[in-house]
Amino acid sequence: MMMAAPKLKPAAEAAAGGISIREVSHTYGRAGQGVLALDRINLDIGDCEFHALLGPSGCGKSTLLYLLGGFIPVQQGQIITENGVVTAPGPDRSIVFQNFALFPWKTVKDNVLYGLKKAGFGAEERVKRAQDYIDLVHLTGFENSYPSQLSGGMQQRAAIARTLAIDPRILLMDEPFGALDAQTRRVMQEELRAIWRRTRKTVVFVTHDVQEAVFLADRISIMSARPGRIQHIIDVDLPKDRGEEILEDQRFIQLSEQIWRLVREQAVAATRGAH
Ligand SMILES: Nc1ncnc2c1ncn2[C@@H]1O[C@H](COP(=O)(O)OP(=O)(O)O)[C@@H](O)[C@H]1O
Ligand SMILES: [Mg+2]
């Protein structure tokens, strides 16, 4: 196709392990009469950063995550990782969905093994890695259970093990704890943060839950109501090594309130937009 090159800043190379998002817009449906879901997103996510995308329902969080994963094609702008411009899914980026996405007819172990096989690991390595990651998410003893025999939290842990086992540099998570009860969710948040500290991945975590974002992330992008834009980028200046006790910490409480107000403005705007 003959097209003039879009006038972007030179495709700044993403730092090793990081992601550069440049002027990314996305429209669903036909051009001209479609729904503009994302409007010129610019964002740099650093190596080993835990970045939360926070915003009201329908603001385009999932769309941005799927674009990062290469699951839907980038229409406008560019997404760059250390492997170059993102045009398709790749082994450096893996996703964990809200609804677990496990194969119900496979055991925990076979679910994890399946991902490893697809990623091209050899037979011996697959067995070892599968066990290591099942242990990491505390599912030791449940290797031969089927998803239907596990609680929601355990299913999501199995899904996380399957994704982590293939050792992607970049971990994409779309409201992974959204379907869990409050208590399980809290435990999973703590475990995820601990796992992230140990495995040092770049994480992009989508949520509409302010507390979850502040607890987990180093930086938070607050998105506007549709069309999604990055409205604010907030540094989470809290101890790296944080556990449940941080929830009582004044800094945590104040930051959550400040962010809550910013998100609320967007949620109110979204409601107005709907009328
Ligand atoms: N496949 C699709 N076809 C048409 N519109 C879509 C599609 N997927 C999402 N949208 C619309 O794009 C907007 C952003 O959706 P989404 O990325 O799912 O938002 P979020 O994850 O923040 O809730 C929403 O208004 C949604 O209705
Ligand atoms: Mg979504």
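Before reading further, recall that the structure is shown in the block above.
This report concerns the structure included in the present document. Note that this is a predicted model, so its numbers are computed, not measured. (Residues numbered from 1 in each chain as written. Chains lettered and ligands numbered in written order. Predicted model: local features only at pLDDT ≥ 70, side-chain atom pairs only at ≥ 80, totals over all residues.)

From N to C terminus, the chain includes seven helices and ten strands. Scaling as 2.2 N^0.38, a compact globule of 275 residues should have a C-alpha radius of gyration of about 19 Å, and the chain matches this with 19 Å. Dimensions of the chain, computed from the C-alpha atoms along their principal axes, are close to 55 × 50 × 35 Å. When burial is assessed residue by residue, the chain has 36% of its 275 residues classed as buried. Within the chain, contacts between residues at least 6 apart in sequence are counted, and of these 69% link residues at least 24 apart. (Helix = DSSP H or I, 4+ residues; strand = E, 2+ residues; numbered from the N terminus. Rg over C-alpha atoms; globule rule 2.2 N^0.38 Å. Buried ≥ 20, exposed ≤ 12 C-beta atoms within 10 Å, placed from the backbone. Contact = placed C-beta atoms within 7 Å.)

Along helix α2 (residues 108-118), the residues classified as buried are Val108, Asn111, Val112, Leu113, Gly115 and Leu116. In this fold, the buried residues of α2 make contact with α3 (123-136) and α4 (152-165). Of the residues one or two after α2, Gly120 is the one with positive phi, at around 90 degrees.

The first and last C-alpha atoms of helix α5 (residues 182-199) sit 25 Å apart over 18 residues, in line with the 26 Å expected at 1.5 Å per residue. Burial in α5 covers these residues: Arg185, Met188, Gln189, Leu192 and Arg193. Along the axis of α5, the buried residues cluster in a sector spanning 135 degrees; they form a single face. In α5, the exposed positions angled more than 90 degrees off the buried face are occupied by Gln183 and Arg198. On its buried face, α5 sits against α4 and α6 (210-216). At the C-terminal side of α5, Arg200 shows a positive phi close to 50 degrees. (Expected span 1.5 Å × (residues − 1). Arc of directions from axis to C-beta.)

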